[in-house]
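# Architecture and fold: a report
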Amino acid sequence: MNQLAELVTTSTTETIRLFADLARQQAEDKAEIREIWRYLRYEPRHGNGRGEE
């Protein structure tokens, strides 16, 4: 019975850690996407579709 309780506790702890890691990664991804959009909005366009002069 103690092994089962330990397994459930470990599994719950690992799940919480995984969700925390995923939340951090999602926040980093969103920040990177915002940065890319900011760049695309303010980067001058030259009409050739490649952003080159």
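Up top you'll find the structure we're talking about.
Residues numbered from 1 in each chain as written. Predicted model: local features only at pLDDT ≥ 70, side-chain atom pairs only at ≥ 80, totals over all residues. Heavy atoms only, no water.

### A few points about the overall build of the chain
Each helix and strand counted, the chain has one helix and zero strands in total. The 53 residues of the chain split such that 0% are buried. For the chain, the accessible surface area stands at approximately 5,300 Å², while carbon and sulfur atoms represent 56% of it. (Helix = DSSP H or I, 4+ residues; strand = E, 2+ residues; numbered from the N terminus. Buried < 20%, exposed > 50% of the residue type's maximum accessible area, 1.4 Å probe, protein only. Areas by Shrake-Rupley, 256 points an atom, 1.4 Å probe, with all protein chains shown as cover.)

### Here's the deal with a nonpolar patch on the surface
Among the surface-exposed residues, Ile33, Ile36, Trp37, Tyr39 and Leu40 lie close enough to one another that they form a single nonpolar patch of about 520 Å² accessible area. With respect to the helices, strands and loops of the structure, Trp37 is situated in helix α1 (residues 2-42). (Patch = residues over 30% accessible without salt bridge, like charges linked within 9 Å, V, L, I, M, F, W, Y side chains within 5 Å. Salt bridge = Lys/Arg side-chain N within 4 Å of Asp/Glu carboxyl O.)

### Considerations on the pattern of salt bridges
The final tally for this structure, using the stated rule, is one salt bridge. A salt bridge links Asp21 to Arg24; the shortest N-O distance between them is 2.4 Å. Of this pair, Asp21 and Arg24 both sit in helix α1, three residues apart, roughly one helical turn. Judged by relative accessible area, Asp21 falls into the partly exposed class, the value being 37%.

### A closer look at a positive patch on the surface
A contiguous patch of positive charge, built from Lys30, Arg34, Arg38 and Arg41, is present on the exposed surface. You can see Arg41 is positioned in helix α1. (Lys, Arg positive; Asp, Glu negative; His and termini not counted. Charge placed at Lys NZ, Arg CZ, Asp CG, Glu CD.)

### Observations concerning a negative patch on the surface
A cluster of acidic side chains, namely Glu28, Asp29, Glu32 and Glu35, defines a negative patch on the protein surface. Relative to the elements of secondary structure, Glu32 occurs in helix α1. With relative accessibility at 47%, the residue Glu32 sits in the partly exposed group.

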